[in-house]
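Fold and contact review
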Amino acid sequence: AGAAALVLAILVAWWSAAASGTISRAFLPNPLDAWAALVRGFAVGDLFDQSFGTLARMLQGWLLASLVGVALGAAIGLSKTARDYLQPMLEFLRPLPASAIIPVAIAIFGLSPNMALFVVAFGSLWPTLLGTIHGFAAVEPRLKEVARCLEMSKPAFALKMGLPNAMPDILAGMRLSMTVALSLAIVCEMLASQSGLGTAILLAARAFQSSELFAGIALLGMIGLASNLALRLVEKRALRWQITH
């Protein structure tokens, strides 16, 4: 109810600002015009293909970052020696904004889909990687003693004891990574002129098509909200055992 009231308040404020005429409609359309542009874009325009391009770019980078983050994070988290050696490098790379490596990615891959994949994966890697490291490093020491008594191999310990313990941190990191991946996919599309919502929004802004501009921004918000809700549902189901136990 609170979220619905907030959305309603934003729409009312938007409508009031547009209706007052204080801001030209070339820059601020009313919500109905933006909605009409959104419907028109899906019905007769390229909005579906553009949305699919952005979603594919986001999901590919996010999945790659998740796979690398979980595998590398588990290896580092289970080894104190690895953490001691790699922590300075991780602390050096982690604060780097992904936008700072875009020129490097362009120099290596050119303005290609591989450039976008690299940037999205690099930028969205860190929440999952650091969450996984923390989760595996925080395994109860007594579980390690039990594993030694049972003569469990390191892969078996990681899968049967480390992974369940780290799962809350992993899923929280993956949810944050998804938001980062969407933002970086849009930035790469704008810079590399690749088909997607980022390019559509940029072209609408340059042509002063405010209705199409706000329709694209609203669609991005809906994509971000839907992906976050989907991951929350997965997280709730995956961690249901913690509630029942």
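Some details on the nonpolar core
In terms of nonpolar packing, the biggest core is built from 37 residues, with V119 and L197 touching the most fellow members. When contributions to this core are tallied by element, the ones reaching two or more residues are α2 (31-43), α3 (47-77), α5 (102-109), α6 (113-137), α8 (154-192), α9 (197-206) and α10 (210-238). Ranked by the residues each element gives to this core, the list is headed by α8, at 13 residues. Ignoring anything within four residues of it in the chain, the contact list for L197 reads L47, Q50, S51, T54, I186, E189, L219, L220 and I223. Within the second largest apolar cluster, 9 residues are counted, among which are I76, L90, L129 and I133.

Thoughts on the environment of S211
Its location among the elements puts S211 in helix α10. Under the relative-accessibility criterion, S211 is labelled buried at 16%. The sequence separation of S211 and T179 amounts to 32 residues, and the corresponding C-alpha distance is 24 Å. Not counting residues within four places of it along the chain, the set of residues in contact with S211 comprises P29, D33, A34 and A37.

Rules used throughout
Residues numbered from 1 in each chain as written. Predicted model: local features only at pLDDT ≥ 70, side-chain atom pairs only at ≥ 80, totals over all residues. Heavy atoms only, no water. Core = buried A, V, L, I, M, F, W, Y, C linked by side-chain atoms within 4.5 Å. Buried < 20%, exposed > 50% of the residue type's maximum accessible area, 1.4 Å probe, protein only. Helix = DSSP H or I, 4+ residues; strand = E, 2+ residues; numbered from the N terminus. Contact = heavy atoms within 4.5 Å.

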